[in-house]
Amino acid sequence: MREATTKDHASLAGAFIKDEKRVDWHDGALWYIREKRDIAAKQIPEWEHLREAASMIKSNVISNLHEYLLQFESNLKKNGVTVHWADSAEEHNQIVYSILKAKEINQMVKSKSMLTEECHLNEYLEERGIEVINSDLGEYIQQIDNEPPSHIVLPCIHKRKEEIGELFHEHLGTEKGLSDPTLLTRVARKHLRNIFLTRRAALTGVNFAVAETGEYVVCTNEGNADMGAHLSEVQIASMGLEKVIPQKKHLGVFLRLLARSATGQPITIYSSHYKKPRKGQEMHLILVDAGRTRQLGRKDFRDSLKCIKCGSCMNTCPVYRKSGGLSYHNTISGPIGAILAPNLDMKRHEDLPFASTLCGSCSNVCPVKINIHDQLYKWRQVIVKEGYATKTKTLGMKTMAWTFSSPEKFKKTGRAGRWFLKYFPFLINNKLNPWYKQRDMPEGPSESFGEWFVKNENKKS
Amino acid sequence: MTTREKILASVLANQPAATPLPDISMFKNGSDALVEKYMQVFKTIGGLSHVVTDIAAIKQLITENFDTSKRIATTLAEFGDSFELISDAVDPHSYSDLELAIIRAHFSVAENGAVWLSDELMGQRIIPYICQHLAVIVDAETIVPTLHEAYEKIGAGNYGFGGFIGGPSKTADIEQALVLGAHGPLSMTVFILK
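Residues numbered from 1 in each chain as written. Chains lettered and ligands numbered in written order. Predicted model: local features only at pLDDT ≥ 70, side-chain atom pairs only at ≥ 80, totals over all residues.

> Break down the sheet that holds strand 11 (residues 187-193) of chain B for me, with residues and values.
All names here are of chain B. One open sheet accounts for 6 strands, arranged 1-11-7-4-2-3; its pairing is parallel. Since the sheet does not close on itself, it has two edges, and those belong to strand 1 (48-52) and strand 3 (84-85), each with one partner. Examined bridge by bridge, strand 1 and strand 11 share 5 bridges and lie parallel to one another. Residue pairing in the sheet places Val 52 in a bridge with Leu 193 of strand 11. Running over the sheet, helix 3 (residues 55-65) touches strand 1, strand 4 (100-104), strand 7 (133-139) and strand 11 and is turned about 145° from strand 1. (Pairing = 2+ DSSP bridges. Helix = DSSP H or I, 4+ residues; strand = E, 2+ residues; numbered from the N terminus. Contact = placed C-beta atoms within 7 Å. Axes fitted to C-alpha atoms, helices over the stretch in contact; angles between N-to-C directions.)

In structure tokens, the structure reads:
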């Protein structure tokens, strides 16, 4: 799969914003979803109490994870589900491969799972002669375009319908120029129905796993998870350790919050509770660590594991809306992606915590009240301290630290700055200053607040 | 050390001090007019609902609104004289040409329009997903206000599979344009038996 490994968020975003019309449209499309979330949330008088309860349940999960995992595992086994543990993405992929290999299966249908995207499962299986088809429409579109999803809920939100029409023309033989969403969806429905009917194995992600009963819940709007699972001989579910919740009644809290936060719907069309295999069917569940226990040990960042993957932080984020999900070069993009990614690979993702204005809108909409913007700020400090920040950033910060280290230096540099902006603005407003990119420097004020204050204090006395 | 032991040891070493679970018993919405509320919400999510007084009325509405020359199957003995009964003994793939499925739900939820049904009511797990159109019968007095009451009602649940279904399948993946009928049913009708 195509992935931008060498470019950072700023340069990828730079490429995205060149098409101003597309940026405006993308910005508007996501803001529209944010507004739908607000309307849905306001219809629930106890909304804020629900968020608080959800946050507390997830805090409890994080603090008792060991016990809940053992309980969940034991109940899964009682229900007849085979449990696997994977320490890494590689081990996860090996497990999936061995399950399929044992049944001599070489084709699998998959519903949405960000975890398997993170593990690059499709590529791994394809290298070993197993074909995987993503059945969520948005993910299917991204797959035929050889691109990762740009949003966890709306995988191809950055694409125009004409581009999708072109992809369908190339891959599904639709008429050239066809771009009507309903007609394109009908074509995909027909094509994928045949996939569901012919695949012996189906893999799904997991939204919530109930320790108390050993069942897991998968939420979709399209019905693709159920079409795959109920027609399969082998059903596989992959989940990160953090997806476990204590009791079944807690689903009431999470399912009330999830779809309303994600798209403004009162609930996803399908909330499927998988407990036991069908007669003649095998069910496997893979519990994946892949860095999660490391994040659990990071005091300032462990709360990122509370995420229920609704995507509301992306829809509200001014940087995400204007830079597009692919500019984050990580499976999970947006604000939540930017606090999860540095744990996975700090060097590769050092740029992401800086791709934010720290406005805090993400934390305000998060259904489980993750302090996302605080964590972004804290990651910046860790990244600089551990020496992963780029040279320009480090230099800028060192200069700032020097400037702020004494009132005298601050006053002098401030005066010098104002003088330069007034008489030599071109020295600052030029391409050599990275801050000037996409920004106009303001006109320098004639005096600083300090100078004004002294003058006015003197006037009074 | 197996991977399992390694992961569990790492979880234990890294998890913070225990914090308590919240009390969620106050999330209750005792409300009347549940039928009206349910119907209004269900409409907004693209569903159709009818209040009916008996099975004969449902039969009448089905013959008026669906193509009865196509395959229609049901789990309900009351419809056995008119439609095929769903068998749990056949290959689920054999229902791929199912036009309409008529099944019962345990109850429905007013706040979100969803019905709850477990596999014993589906006949086969695939039925409510593979049919082109889905018709579900719910008793009016079973409607609950919110998901909290719903989970209270479900309890531990002695099922292999259960699901909330809230409307026809849908997608908005192409430019946020809402399309009903993604992979599951193109339409969903709920008959509220009063």
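More follows now that the structure is in view.
> I'd like a rundown of the interface of chain B and chain A, residues and numbers included.
At the junction of the two partners, chain B supplies 60 residues and chain A supplies 70 residues. No other element matches the 9 residues that helix 1 (residues 3-14) of chain B contributes to the side of chain B that touches chain A. Tallied by class, residues from the side of chain B that touches chain A come to 31 nonpolar, 22 polar and 7 charged. Pairing between strand 9 (residues 270-274) of chain A and strand 8 (residues 161-165) of chain B: 5 bridges, direction antiparallel. Each residue of the ladder has a partner; that of His 273 of chain A, found in strand 8 of chain B, is Gly 162 of chain B. (Nonpolar A, V, L, I, M, F, W, Y, C, P; charged D, E, K, R; others polar.)

> Report on the packing of helix 9 (residues 161-172) of chain A against helix 10 (residues 181-198) of chain A, specifying residues and quantitative values.
All names here are of chain A. At a minimum axis distance of 11 Å, the contact between helix 9 and helix 10 shows a crossing angle of 35°. Helix 10 is crossed by helix 9, and the crossing has left-handed handedness. Residues Lys 161, Ile 164, Gly 165, Phe 168 and Leu 172 of helix 9 form the contact with helix 10, whose own contacting residues are Pro 181, Leu 184, Val 187 and His 191. When its residues are assigned to classes, the contact of helix 9 with helix 10 shows 6 nonpolar, 2 polar and 1 charged. (Left-handed = near helix turned anticlockwise from the far one by under 90°.)

> How would you sum up the pairing of strand 7 (residues 234-240) of chain A? Please name residues and give values.
All names here are of chain A. A large share of strand 7 lies buried, amounting to 7 of its 7 residues. Both faces of strand 7 are covered, namely the face carrying Val 234, Ile 236, Ser 238 and Gly 240 and the face carrying Gln 235, Ala 237 and Met 239. Across 7 bridges, the pairing between strand 7 and strand 10 (residues 282-288) is parallel. Bridge pairing in strand 10 places Met 239 opposite Leu 287. (Buried ≥ 20, exposed ≤ 12 C-beta atoms within 10 Å, placed from the backbone.)

> I'd like a description of the domain arrangement of chain A, backed by residues and values.
Reports often express the size of an interface as the amount of accessible area lost when the parts come together. For chain A, the domain assignment lists domain 1 (1-38 + 300-389), domain 2 (44-290) and domain 3 (394-460). The straight-line distance from the C-alpha centre of domain 2 of chain A to that of domain 3 of chain A is 52 Å. (Domains from an automatic or database assignment.)

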